[in-house]
Amino acid sequence: MMDKQRKRLTPHVTNETNQLRKVVLGLPHALGTPPTLEETYDAKSYQAVLRGDYPTEQAVVREMEGFLAILQRHGVEVYRPEPIAGCNQIFARDVSFVIDEHLFVAHMIPDRRREVDAFASIYDLFEPSSVLHLPAEVRVEGGDVILYDDILFVGCCEPGAFGQFKTTRTNDRAVDFFREFFPHKRVVPVPLYKHDQDPLRGVLHLDCAFQPVGQGFAVFYPEGVASREARGIIGEVFGQDKLLTITAEEAVEMHTNFFSLSPEVVCVEAGAECLQRYLREVAGMTVEEVPYSEISKQGGLLRCSTCPLERA
């Protein structure tokens, strides 16, 4: 009886920067044992294991709790997935993502499919018609989906590369699917260079190479994009005067993977000093500095940790 009377939520996200109301934040607990080199599925994790400095659970918990405190201080309603013992659940973005009024459930790589089950209580908050499970042939993770109102940027891989690397998470069928599902949007495929072991030679997700911020600004790593056409479209949409180009070293530290709370406020990794200065002095934004360098060793940062459910 209570379930029938409960008012269901409505997902609503049209871009990366509108005022954040509701968000899912991943979980830092019960990570399990560090992976072996063979068990890693992104280049940053591979390098961390190789160096012997893969992050501890204690460090990850500390960083994510700091991020949670900032979200709550800004009045954001935060949801968490159900915990799964021995499962890394930090990167909520890849499990699900909202486009307009639709909450999509990603078709995850086998190593991460248990994470979808942990979102069951979150999916139950919404009308079933709002929660859409992607077909098996449509491979996409939320890190490859960037919203800019009527433009949808979709990170993918070079032709013929899907399946050749663990870091190929989004295929051409996903681009076709979004074009069919959102005929009113301009869907822009952004092919990315891929590599499983060297983060200087490949990009895991689109949000590790590009993301809008503030009011009409964007941060971009063009050397990570394997298409002159896609690079040109991004430059055309934002204009060179509002497009901050970052270096390969900054891209490896994922300085594009910040997280906007509104057009005026953005959360940025504490070590990204050049980016912080640009956002404050050029974009005129308030920057919340978030220590997240340990989590970054696992191949994701602030945007990766979140799944926005509602923006104003």
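The structure displayed is predicted, hence computed values, not measured ones.

Cut-offs and rules
- Residues numbered from 1 in each chain as written.
- Predicted model: local features only at pLDDT ≥ 70, side-chain atom pairs only at ≥ 80, totals over all residues.
- Heavy atoms only, no water.
- Pairing = 2+ DSSP bridges.
- Helix = DSSP H or I, 4+ residues; strand = E, 2+ residues; numbered from the N terminus.
- Axes fitted to C-alpha atoms, helices over the stretch in contact; angles between N-to-C directions.
- Contact = heavy atoms within 4.5 Å.
- Expected span 1.5 Å × (residues − 1).
- Buried < 20%, exposed > 50% of the residue type's maximum accessible area, 1.4 Å probe, protein only.
- Salt bridge = Lys/Arg side-chain N within 4 Å of Asp/Glu carboxyl O.
- Polar contact = N/O pair within 3.5 Å; in protein donor to acceptor, adjacent residues only side chain to side chain.
- Phe/Tyr/Trp six-rings, centres within 6.5 Å; stacked < 30°, edge-to-face > 60°.

(A) The arrangement of the sheet that holds strand 7 (residues 151-157) in detail. If you trace the three strands from one edge of the open sheet to the other, you get 6-7-8, paired in mixed fashion. Two strands in the sheet have a free side with no partner beyond their single neighbour: strand 6 (145-148) and strand 8 (186-192). Here the average twist between neighbouring strands, direction ignored, is 20 degrees. Pairing of strand 6 with strand 7, which is carried by four bridges, proceeds in the antiparallel orientation. Within strand 7, the residue paired with isoleucine 146 across the bridge is phenylalanine 153.

(B) Structural view of the sheet that holds strand 14 (residues 286-290). If you trace the three strands from one edge of the open sheet to the other, you get 12-13-14, paired in mixed fashion. Of all strands in the sheet, those with a lone pairing partner are strand 12 (259-260) and strand 14, marking the two edges. Set on the sheet, helix 3 (residues 57-73) makes contact with strand 12, strand 13 (265-269) and strand 14; between it and strand 14 the angle comes to about 150 degrees.

(C) Just helix 3, in detail. Across its 17 residues, helix 3 extends 24 Å between first and last C-alpha, which sits within 8% of the 24 Å expected from 1.5 Å per residue. Among all positions in helix 3, only Ala59, Val60, Val61, Glu63, Met64, Phe67, Leu68, Ile70 and Leu71 are buried. Of the residues one or two after helix 3, glycine 75 is the one with positive phi, at around 75 degrees.

(D) Structural view of the pattern of salt bridges. On inspection of all chains with the given rule, the structure shows 14 salt bridges. Here arginine 303 and glutamate 16 are joined by a salt bridge, their closest N and O atoms 3.0 Å apart. Of the two residues, arginine 303 is situated in the loop between helix 10 (293-296) and strand 15 (306-311) and glutamate 16 in the loop between helix 1 (2-5) and strand 1 (20-25); the sequence distance between them amounts to 287 residues. Just as arginine 303 is buried, glutamate 16 falls in that class too. Arginine 169 is paired through a salt bridge with glutamate 141; the nearest N and O atoms lie 3.0 Å apart.

(E) Examining the side chain of lysine 297 more closely. Counting through the fold element by element, lysine 297 comes out in the loop between helix 10 and strand 15. Judged by its relative accessible area of 16%, lysine 297 is buried. A polar atom in the side chain of lysine 297 sits 3.0 Å from the side chain of glutamate 294. In contact with lysine 297, other than residues within four places in its own chain, are Lys44, Ser45, Ala48, Arg51, Asp53 and Pro55.

(F) Representation of unusual backbone geometry in the model. In the Ramachandran plot, aspartate 100 falls in the positive-phi region, its phi being about 60 degrees despite a non-glycine side chain. Mapped onto the secondary structure, aspartate 100 falls in the loop between strand 3 (96-99) and strand 4 (102-105). Although it is not a glycine, methionine 254 sits at a positive phi angle of roughly 60 degrees.

(G) Region of interest: the environment of proline 222. Relative to the assigned elements, proline 222 resides in the loop between strand 10 (217-220) and helix 7 (228-238). In contact with proline 222, other than residues within four places in its own chain, are Arg231 and Thr245.

(H) Main features of helix 2 (residues 43-51). Restricting attention to buried positions, one finds in helix 2 the residues Ala43, Lys44, Ser45, Tyr46 and Ala48. Structurally, the start of helix 2 carries an N-cap: the backbone nitrogen of lysine 44 is 3.1 Å from a side-chain oxygen of aspartate 42. Phi turns positive one or two residues past the end of helix 2, at glycine 52, with a value near 80 degrees.

(I) Inspection of the packing of aromatic side chains at higher detail. Under the criterion given, the structure shown has 19 aromatic pairs. A ring pair is formed by phenylalanine 181 and phenylalanine 182, whose centres lie 4.9 Å apart and whose planes are at 65 degrees; its orientation type is edge-to-face. The class of phenylalanine 181 is partly exposed, set by a relative accessible area of 31%. Its relative accessible area of 2% is what places phenylalanine 182 among the buried residues. Both rings, one in phenylalanine 210 and one in phenylalanine 220, keep their centres 6.0 Å apart while their planes meet at 85 degrees; by these two values the pair is edge-to-face. Of this pair, phenylalanine 210 sits in strand 9 (residues 210-213) while phenylalanine 220 sits in strand 10, and the two are 10 residues apart along the sequence.

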